[in-house]
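A look at the structure
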Amino acid sequence: MSNAEYAFMSAYLKGAEAKMVNPDHINRLPRAATVPDVMEAIRDTEVGGYLETASVKTFDDADRCLWQYFGRCLEQLEGLRLMPDDMCKVLNSYKVRYDVINIKTVLQNIPSGKQSNLIPVGVIHMRGLLDELARATSIDAVIRLLIEGGLGAYASVLREYDGGHETGLKLQMEAGLDGEYYKNLLDTAKDVEDGFILAKTFGLSVDLINLKIVSRAVIEEMGTVVSGCTITGGYLLSNQAVAGLLSGKLADIPNALGGTPYRGIADEVVAGYNRSKSITTVEEIIDRHRFQLLKEMLSPRVMSPLVIAWYLTVKEVEIRNLRLIIKAVFDDISVDEIKEYLVF
């Protein structure tokens, strides 16, 4: 792979990052913002230009458009002839994240028979099987579609845990899907330039996802149910260490994390939950810290596959932030009230 390819992709991705929604755009919004206010505030961004051409009358309209836009961004990346092979590997591994999200959504809706609204991103979508997945009414049907779509490893996970819809089995199935996804990411990291940094970011993500799972389980007193439902492949927290956190109380977690960099995060989680009594607060605190850790490791890098890993991270965060803002506007909630939940 040539330096010219890396130079082109670094310039392309950093240029795209400069056109994303940032805190200045959010600060332009009035306290009682409307959807037109949001559109006006972000009109100079790439996503703002896309939304201007769409008809957005409900939150569902906006949600659908945002995910369509995100999918189009990934398709544009895939169409770039000068993308180095290492970056292609990272992109191909990353986008399966949305297959996993879609599979989980379908599994949650199967018992009720409700048709799922799925994200138009991922391998299943690219194979033209997304609508069929949304209509799946059994785990066997999902397994068949995963095999047809080239995601046999995820089909194997479902086979392993298929046997009922009890909470414990469902959580184990979801953890198995996440574990397979991160295993593939870590395998990809072994084969690319600067893969040791990439592997560290993936491992840190697993640690913080597990911290989120544990915190929620302890708060809801579901430690025994969640045992065995965390993700393998963490960077600093072994499976045994994560399991040990489930046996205590939320206030015990910071001390149990000892000298890891997660101690401060856990302290903030305890303080945030004691103040708000909301699990959402716990998740938002951990998500914000995860983003900051990834930013420190990935953001400064250019001429490396890490630049596409950072682009994918910030692009997803941009969509997440806009979904929160637009949902708040439709629910007549002041943007000021949700700013602490935004990640930048």
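The coordinates are above.
Cut-offs used in this document
- Residues numbered from 1 in each chain as written.
- Predicted model: local features only at pLDDT ≥ 70, side-chain atom pairs only at ≥ 80, totals over all residues.
- Heavy atoms only, no water.
- Helix = DSSP H or I, 4+ residues; strand = E, 2+ residues; numbered from the N terminus.
- Rg over C-alpha atoms; globule rule 2.2 N^0.38 Å.
- Contact = heavy atoms within 4.5 Å.
- Areas by Shrake-Rupley, 256 points an atom, 1.4 Å probe, with all protein chains shown as cover.
- Core = buried A, V, L, I, M, F, W, Y, C linked by side-chain atoms within 4.5 Å.
- Buried < 20%, exposed > 50% of the residue type's maximum accessible area, 1.4 Å probe, protein only.
- Disulfide = S-S within 2.5 Å.
- Salt bridge = Lys/Arg side-chain N within 4 Å of Asp/Glu carboxyl O.

1. Examining the overall build of the chain
Counting its regular elements, the chain contains 20 helices and zero strands. For the chain, the C-alpha radius of gyration of 20 Å lies close to 20 Å, the compact-globule estimate for 344 residues. Each principal axis of the C-alpha distribution contributes one length, and for the chain these read about 50 × 45 × 45 Å. Residue pairs in contact within the chain that sit at least 24 positions apart in sequence constitute 62% of those at least 6 positions apart. Surface accessibility of the chain: about 15,900 Å² in total, with carbon and sulfur atoms responsible for 49%.

2. Examining the nonpolar core
Within the largest apolar cluster, 125 residues are counted, with the highest numbers of intra-cluster contacts made by Leu77, Val142, Leu146, Leu158 and Ile308. Looking at this core element by element, the count peaks at 15 residues for helix H19 (residues 306-330).

3. Structural notes on the state of the cysteines
Tallied over the full model, the rule gives zero disulfides. Of all cysteine sulfurs in the structure, the one in Cys73 sits closest to Cys65, which takes part in no disulfide; the separation is 13 Å. What makes Cys65 buried here is its relative accessible area of 7%. Residue Cys73 is classed as buried on the basis of its relative accessible area of 2%.

4. What about unusual backbone geometry?
Non-glycine residue Glu221 carries a positive phi angle of around 55°. Along the chain, the position of Glu221 falls in the loop between helix H13 (195-219) and helix H14 (223-226). Given the relative accessible area of 74%, Glu221 is considered exposed. In this structure, Lys277 takes a positive phi of about 55° despite not being glycine.

5. Topic: the environment of Ile26
Here Ile26 is to be found in helix H2 (residues 23-27). For the pair Ile26 and Ile42, spaced 16 residues apart in sequence, the C-alpha separation works out to 8.2 Å. Residues in contact with Ile26, not counting those within four places in the same chain, are Val21, Ile325, Val335, Lys339, Leu342 and Phe344.

6. Overview of the pattern of salt bridges
Per the counting criterion, the structure on display carries 25 salt bridges. Salt-bridge contacts for Arg323 lead to Asp63; the nearest nitrogen and oxygen are separated by 2.4 Å. Of this pair, Arg323 sits in helix H19 while Asp63 sits in helix H5 (residues 59-78), and the two are 260 residues apart along the sequence. Judged by its relative accessible area of 29%, Arg323 falls in the partly exposed class. Under the relative-accessibility criterion, Asp63 is labelled buried at 16%.

7. Brief notes about the environment of Leu80
Note on placement: Leu80 falls in the loop between H5 and helix H6 (85-94). C-alpha separation for the pair Leu80 and Met9, spaced 71 residues apart in sequence, amounts to 8.9 Å.

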